Amino acid sequence: MAPLLNGRSRALLLLPPPPSPPTFTALKAAYGPSLSSVLTELARSRSKSQGAVVLDIALPCDHLYGKQDQPRSSTYATTQRLVAGLYKLVCVISAKESIDVEDADGIDPRLLLLAYPRNGKLDQALISRPELDTQGPIINIPTLASCSRPWDTIYAVESEEGEQILKTFLSSRPQDCNIHRVPAGVVQVSPQAEPASAAPASVAATIHYSVAVGGTFDHLHIGHKLLLTMFALALDAPPETAEIEQSLTIGITGDELLKNKKFAEFLESWSQRQQSVHDFMSSILDFGPNGDSRVVAKELTEPGPNGHAVHVTFPSHLVIKYVEIWDPFGPTITDESISALVLSAETRAGGKAVNSKRAERGWPQLEVFEVDVLDAEENDGDVEPADESFQSKISSTEIRRMQAGKSKSKK
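Residues numbered from 1 in each chain as written. Predicted model: local features only at pLDDT ≥ 70, side-chain atom pairs only at ≥ 80, totals over all residues. Heavy atoms only, no water.

**As for the packing of aromatic side chains**
Consideration 1: In the structure shown here, the tally under the stated rule is two aromatic pairs.
Consideration 2: With centroids separated by 4.9 Å and ring planes inclined at 50°, the aromatic side chains of Tyr76 and Phe369 adopt a geometry described as tilted. Taken as a pair, Tyr76 in helix α2 (residues 76–96) and Phe369 in strand β14 (residues 367–371) lie far apart in primary sequence, 293 residues in all. Like Tyr76, the residue Phe369 is buried in the burial classification.
Consideration 3: With a centroid separation of 6.3 Å and an interplanar angle of 55°, the aromatic rings of Trp151 and Phe169 are classed as tilted. Residue Trp151 is located in the loop between α4 (141–146) and β6 (153–157), and its partner Phe169 is located in helix α5 (residues 160–171); the two are separated by 18 residues in the primary sequence.
Consideration 4: Judged by relative accessible area, which is 0%, Phe169 ranks as buried.
Consideration 5: Lying over the aromatic face of Phe24, Lys88 brings its terminal NZ or CZ to 4.6 Å of the ring centre.
Consideration 6: Over the ring of Trp363 we find Arg361, and its NZ or CZ is 5.9 Å from the ring centre. (Phe/Tyr/Trp six-rings, centres within 6.5 Å; stacked < 30°, edge-to-face > 60°. Helix = DSSP H or I, 4+ residues; strand = E, 2+ residues; numbered from the N terminus. Buried < 20%, exposed > 50% of the residue type's maximum accessible area, 1.4 Å probe, protein only. Lys NZ or Arg CZ within 6 Å of the ring centre and 35° of its normal.)

Set out below in structure tokens:
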């Protein structure tokens, strides 16, 4: 088990490069044995210590290697497919094995995106310069290995690719690690696989330095993690020589609007939800030193809409703005500088409503990026689409319902 960090222990799973094309069936064949082994072991260890576990899952992405500075829209679709598929696989495995990945005291999986070539041959300049970039969500292996996260257990996959990525990781890791090897799956790569989607050559991609997302974010679950990861990815990286402020605006619904939610007595407060979202965002974006005094948080309380917010500024000129919202639009119709919106496919109508409001103001339309809605359906029928154990992994209402049931049983 990894050592405690703010009351939570931590472990790292280094996956080999993914199958191509990354269908769910292919991802399951490639990563199912490894994920099942790690989740089962951590669940067993957690039951003995009664402590929560953060599981960082490092996913090497060949389609991101050497493209960190390109418009994010060019790699968004392929990355979204991978992230959604892997998070879905975590849900499927944990549902089948009755592993807790939704409770505050359970296993907390977080997917990290690595820019990594499929052949494993990194640019030597990157290997010798691990300090190159500490801002995610796309990082390289030297940055991951040299960060100050105290993983005590590093899970490596028993395969040629798994050993290669482990060797590269350890070459940049300054301290000793407890290595635990887990079974490999079958990674299939088709030479006819489609390349990463990109805008046509005749269409110039829009660069986004201010991106927004919104939601309740109650009892942060895997569906939220998918949304927030892709939200972070939609933010473009500025040129190395330019000091451009990047802004990620997260609208979090105010408490008063949630009183009629089901099982409302088990809703988390706005402050609790903001802190949970920030904890996750920091884990995928900030790979700098622990306790970095250059990371500054400031709470704002001003009159009017969106007046209550927490702004966190990082050394890289990135600002995350957590805004308490009281309507469906939030800062998207009060901040003209926002140029993109990330939402789930089921809230597509909300994106259209936002752009209608902006049109009324004569403001530019937001580019809308979508994420998949996770479901339990598989080609082999292992889990039924309505499986309650799966839904409990991706539904705040189901999590509150479970908490209500536990509370009732204790009386």
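**Considering helix α7 (residues 270–285)**
Consideration 1: Between the first and last C-alpha of α7 there are 22 Å, a value that for 16 residues agrees with the 22 Å anticipated at 1.5 Å per step.
Consideration 2: Listed in full, the buried residues belonging to α7 are Trp270, Arg273, Gln274, Val277, His278, Phe280, Met281, Ser282, Ser283, Ile284 and Leu285. (Expected span 1.5 Å × (residues − 1).)

Structural measurements only, silent on function.
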